Amino acid sequence: METVSETRAFGGVQGVYKHTSEATSCEMTFAVYLPPDAEEGPVPCLWYLSGLTCTHENAMTKAGAQGWAADYGVALIFPDTSPRGEGVANDESYDLGQGAGFYVDATETPWAPHFRMYSYLTEELQTLVTGNFPIAADRQGITGHSMGGHGALTLGINRPDLYRSISAFSPIAHPSASDWGRKQLTAYLGADEAKWADHDAALLLKSRGCTAEILVDQGAEDEFLPLLRADALTSALVASGTPHCYRYQPGYDHSYFFVSSFMEDHVAWHAERL
C-alpha cells in the first residue's frame, strides 16, 4: 500500500492510498478518513460507495462527511467504483465499464478479469483497511449513493457478518427491472436473470429479508426516479418486514447537494448502531 496524500481535517486525517489489487488485477485507489478518536484506539467505520462515473474522490470532497465523522468518532472509507487503467475493459457509454462497476463480480467477457468489485470490497480491501488502520473490524456500517446505494444495500444484505448497519441515498433499488441495471447485469453476469438476484436489493429483501435496520433518503424531485425504482424498494421493505426508515425529501434532486444535506443524519444513525 502506498500513501498518495494525508491531510489534516477536523482534527483527524484524510488520507488517499493506492495498492495493486489481486481481486481486480490492477492498481486501485481508495481514501480513508480517521477521526481524532482513532489516535486513542480502534474506531467504528462507515463505508461509502459512490455512484456512476465517480471515483473515491467525489464523496470525499463533496459529501461533507468528515466533520460529522469527527464529531461522532467514526472512520470513513471511500473506495473507487470500478477497476481502471490500461488493459482494463471499458465502454463508450458512461454507465458501463470504468466508473460503473455495479459492485458485482463479473463472469462475462471482457469484464471478468478485472471487474470483481464485490470480492474486492468484501474481502481484499476489507482485509487491507482493517489490518492497516485503527478500525474495529466488528463495528462496520455501509452506505452509498445511487449505484453506490445499490451496492450498500446488496452488500449489506448479503454480508451481515461484515456490516452491522445499512443506509442509502437514492439507491438503484431494483436493477433487474431498470435501464440502470439490466444493461449492466447482462454485460457483467450474462443473460440468465436468475444470476442477478443476489445483486438486486428489492429481490434480496423479498427472498430473505434483512435483520439490520435500513435507512434510506430519496429526493422527491430526483430526475432519475423512474430508473431508481424506489417503489419496488418500499414495497419489498414492507412485505419482508424489514425494519426501516424510508424518507422522501421534498424538493431535493439526485445531486451531492442532496447527499450533503442529510449526511449528518446518516453518520449519526450509523454511529448509534456501531
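Residues numbered from 1 in each chain as written. Predicted model: local features only at pLDDT ≥ 70, side-chain atom pairs only at ≥ 80, totals over all residues. Heavy atoms only, no water.

Asker: Kindly report on the packing of helix α6 (residues 201-208) against helix α8 (residues 230-240), identifying the contributing residues and their values.
Answerer: Contact geometry of α6 with α8 gives a least axis separation of 8 Å together with a crossing angle of 10°. Relative to α8, the element α6 lies roughly parallel. Where α6 abuts α8, its residues Ala201, Ala202, Leu205 and Lys206 lie against Ala232, Leu233, Ala236, Leu237 and Ser240. Across the contact of α6 with α8, the residue classes break down as seven nonpolar, one polar and one charged. (Axes fitted to C-alpha atoms, helices over the stretch in contact; angles between N-to-C directions. Helix = DSSP H or I, 4+ residues; strand = E, 2+ residues; numbered from the N terminus. Parallel < 35°, antiparallel > 145°, perpendicular 65-115°, else oblique. Contact = heavy atoms within 4.5 Å. Nonpolar A, V, L, I, M, F, W, Y, C, P; charged D, E, K, R; others polar.)

Asker: Please provide a residue-by-residue account of the packing of aromatic side chains, values included.
Answerer: Two measures describe an aromatic ring pair: the distance that separates the ring centres and the angle between the ring planes. Evaluation of the coordinates by the stated rule reveals 12 aromatic pairs. On the numbers, 5.1 Å between centres and 65° between planes, the contact of Tyr17 with Phe133 is edge-to-face. Taken together, the residues span a long stretch of sequence, with Tyr17 in strand β2 (residues 12-21) and Phe133 in the loop between α3 (117-132) and β6 (135-144) at a distance of 116 residues. Taken individually, Tyr17 and Phe133 each receive the classification buried, so the pair is uniform in this respect. Members of the aromatic cluster, connected to one another through ring pairs, are Phe169, Tyr252, Phe258 and Phe262. (Phe/Tyr/Trp six-rings, centres within 6.5 Å; stacked < 30°, edge-to-face > 60°. Buried < 20%, exposed > 50% of the residue type's maximum accessible area, 1.4 Å probe, protein only.)

Asker: Give me the environment of Tyr248: which residues, what numbers.
Answerer: Along the chain, Tyr248 turns up in strand β9 (residues 244-249). Exposure remark for Tyr248: the relative accessible area of 43% places this residue in the partly exposed category. For the pair Tyr248 and Asp217, spaced 31 residues apart in sequence, the C-alpha separation works out to 6.1 Å. In contact with Tyr248, not counting residues within four places along its chain, are Gln218, Ala220 and Ala230.

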